[in-house]
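Summary of structural features
In case you want the letters, here they are:
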Amino acid sequence: MMRSRLVSINPSVFQRTIVTKTRNVVNSVNSQPSQQDKVVEEHFISTVSHQPPRRPLAQQFTHQVTNQVPPLERIDLYESDLALREFVTDDKCGQIKEMGAELGTYHWFEQGHRANRQVPTLHQFDRYGQRIDEVHFHPAYHELMRIGMKYGVHSVAWESLSAGNDKKADSHGHLQHAAALYILGHIEAGVCCPLSMTYAGYPVLHRYLSKTGPELTNSFPLDKVLSRRYDRRFLPATFKSGLTIGMAMTEKQGGSDVRANTTKAYCDNADEKRYILIGHKWFCSAPMCDGFLVLAQIQNDDTSNKSLSSTPSCFFVPRWLPNGERNPFYIQRLKDKLGNRSNASSEVEFNNTQGWLLGNEHEGVKTIIEMVHGTRLDSAVGSAALIRQGLIQATWHARHRKAFGRLLIDQPLMKQVLSDLLLESEAATTLVMYVASLFDSISHASEMKSFARIATAIAKFWVCKRTPEATAEALECLGGAGFVEESNMPRVYREAPLNSIWEGSGNVMCLDILRAMKKSPESLQAYMSFMKDTKGANKHLDATLAHIQKSLLTTDLSNEILEQHARTLTSQLALCLQASLLIRRFPQAVSDAFCASRLGPDRGSIFGDLPMGIDTNALVKRLPFA
């Protein structure tokens, strides 16, 4: 006879608070958040359960459920990450320690799940048929945006530039930005997009917005871009407590080839640098941002110079005009994407849309190049976070799941796989954090700027390329449990290919490196100079560098042959740079294992295929939850 058991359960697990909120049409831009809005914003946590199921029934009618992995309820995303701590040390971390401790909880992982399950919805018209072009998000998305802005993911690198801010410039602001984005990327990548664009877009606006004229500058207070208060309301910028920046560059016919753009810009007020834009954008992510950087072709009366007519200019397009009216910004549809589903990615059209010229005419790419470097590094940072999150999930599973009488973590082959994933993760994190630290050094040394130029493209190509393979291996470590949606891994896996596509695909990155080597030879010289410091430390690294110089960097190669092998060159440059960084900063067991498995003659082609002689026991000690 089965006996019933009384199980004490926390009442909050079953408690649900239903909040009904009526949205009123905002007739006055002076309206402030209602008390009801504040309740929903600040106390959303109380409306749903964010704790894992407690004491599920193990004794079922047909069998007893045993050998199950418990829910991962907490991990300190800073303290548990030895590679992150190697760069983001106590004197450089700012609020990163607090962020890592706060976000590594079941609550925040569940927020990420919810934001992806309930995807954004487009509302082109209001109930009366008037055009509004607004996107609505699940409350979890807003919670994630709030926590990201609270820790300054978008702003920490630039806060010393804010008007009236006498705060001493933080010499590690870009490193702290990268670390904050990396930690947030463990939880949910969708919100990283608008925060990254805001981070990368601010210096462009800081440099050029003041040159447009008082009409725009008075209606778009730039200091609010650095505010750490998330304001979800769709209102003119002057009435909001915080602003975000997006960008709309690519079009249907061109993609990464922005010179093929057809969006036209007609001068409306030369003194204010105001133009009228007509055209479309094929990929515009986070369309509810408050303003966008847009590329368009200026239409001059002088059409004799055809080279200029195909060179785009950069414009700032706010969602609201200085007079308090909506700027025509027609969201045609939201993309139904493979991953990154919490983030709204849209197709937009401009028709009589107002934009203000930033920088000089026909120099749009030059104007935004700093922004592009920032978002490309952020793509690599986001991919490193996905690799690390996959490693966390795989290690947690292996430490609690038994097979054939032993925990998976104690079995030699699983040790081999996890050790290999650890090497990939720590090398990826090391590379992106080092490049972020170069961004902090750019203002102090010109050679650092040259090095950062090529290192950013290398990191973006390689780390993003390695992510799908690494996350697939991590998912396999969980077996069937990793293939169901309740697991964190399907979301991580769907996200994995994305960063290699955004901000320039793999081929674009490789060609960009070749252009940098040709137009700015000092960038490659800076790379080689950096590599000299570790010469002689590892025979596999020395041999690979010698091979690169002899076969791929010789002046005898034609441009066509060099382009044909650009991926080979970039991959080798990336592996050598990772190896050099590991040699400089990590225990020899780590750097030797990396060099042997990535550069040595016995290197494998899949994860877990490590050469003999590698000290896996030393590597296993570096895994999470050790």
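Residues numbered from 1 in each chain as written. Predicted model: local features only at pLDDT ≥ 70, side-chain atom pairs only at ≥ 80, totals over all residues. Heavy atoms only, no water.

What counts, and what does not: UniProt positions are given in the numbering used here, feature names are shortened, and annotations may be inferred rather than shown by experiment.
Identification of the chain as DNA alkylation response protein from Adineta ricciae is taken from an unreviewed UniProt entry. Taken directly from UniProt, the Sequence similarities (unreviewed entry) text for the chain runs: "Belongs to the acyl-CoA dehydrogenase family." Under Cofactor (unreviewed entry), UniProt gives the following word-for-word description of the chain: "FAD".

1. Looking at the overall build of the chain
Heads up, the rule is: Secondary structure counts use DSSP, requiring at least four H or I residues in a row for a helix and at least two E residues in a row for a strand, with both numbered from the N terminus. The buried label applies to any residue whose accessible area, calculated with a 1.4 Å probe on protein chains only, is under 20% of its type's maximum; exposed applies above 50%, and partly exposed to all values in between. We call two residues contacting when some pair of their heavy atoms lies within 4.5 Å.
When helices and strands are tallied, the chain shows 22 helices and eleven strands. Within the span of the chain, comprising 626 residues, buried residues form 55% of the whole. Partitioning the contacts of the chain with sequence separation of at least 6, the portion at a separation of at least 24 is 74%.

2. Describing the pattern of salt bridges
Side chains that differ in sign of charge can pair as their charged atoms come close. To keep it simple, the criterion reads: Here, a salt bridge means any side-chain nitrogen of Lys or Arg that lies within 4 Å of a carboxyl oxygen of Asp or Glu.
Summed over all chains, the structure comprises 31 salt bridges. The partner of Arg598 in a salt bridge is Glu424, and the shortest N-O contact between them spans 2.7 Å. Pair noted here: Arg598 is in helix H21 (residues 588-598) and Glu424 is in helix H12 (residues 412-441), with a separation of 174 residues, a long-range link. No difference in accessibility class separates Arg598 from Glu424, as the two residues are buried. The salt bridge partner of Arg584 is Asp533, with a shortest N-O separation of 3.7 Å. Taken together, the positions of Arg584 in helix H20 (residues 566-585) and Asp533 in the loop between helix H17 (521-532) and helix H18 (539-552) put the pair 51 residues apart, joining distant regions of the chain.

3. Some words on the pairing of strand S4 (residues 264-269)
The cut-off we apply is this: Two strands make a pair as long as DSSP finds a minimum of two bridges between them.
As defined by bridge partners, S4 adjoins strand S5 (residues 274-285) across five bridges and the pair is classed as antiparallel. The residue bridging Tyr266 from the neighbouring strand is Ile276, located in S5.

4. Points about helix H4 (residues 96-103)
The test is simple: Our arc is simply the arc of the directions from the helix axis toward the C-beta atoms.
Those residues of H4 lying buried are Ile96, Met99, Gly100 and Leu103. Taken around the axis of H4, the buried residues stretch over an arc of 100 degrees, which confines them to a single face. Turning to H4, the residues buried within the fold contact helix H5 (106-117), helix H6 (139-150) and helix H7 (173-187).

5. Side note on the pairing of S5
Between the antiparallel neighbours S4 and S5 lie four residues, among them Lys273 with a positive phi of about 60 degrees. In terms of strand pairing, S5 meets strand S9 (residues 345-358) through ten bridges, oriented antiparallel. Bridge assignment links Tyr275 to a residue of S9, and that residue is Gly355.

6. Concerning the side chain of Ser346
Within the secondary structure, Ser346 sits in strand S9. Setting aside residues no more than four positions away along its own chain, Ser346 makes contact with Lys281, Trp282, Phe283, Cys284, Pro287, Ile331, Arg333, Leu334 and Lys335.

7. Overview of the side chain of Asn261
Here Asn261 is to be found in the loop between strand S3 (245-248) and S4. On the basis of relative accessibility, which here comes to 5%, the residue Asn261 falls in the buried class. Look past the residues within four positions of Asn261 in its chain and what remains in contact with it is Met249, Glu251, Gln253, Lys281, Leu295 and Gln297.

8. Topic: the environment of Met531
Relative to the helices and strands, Met531 resides in helix H17. For the pair Met531 and Leu577, spaced 46 residues apart in the sequence, the C-alpha separation amounts to 7.3 Å. The contacts of Met531, once residues within four sequence positions are left out, are Leu541, Leu545, Cys576, Leu577 and Ser580.

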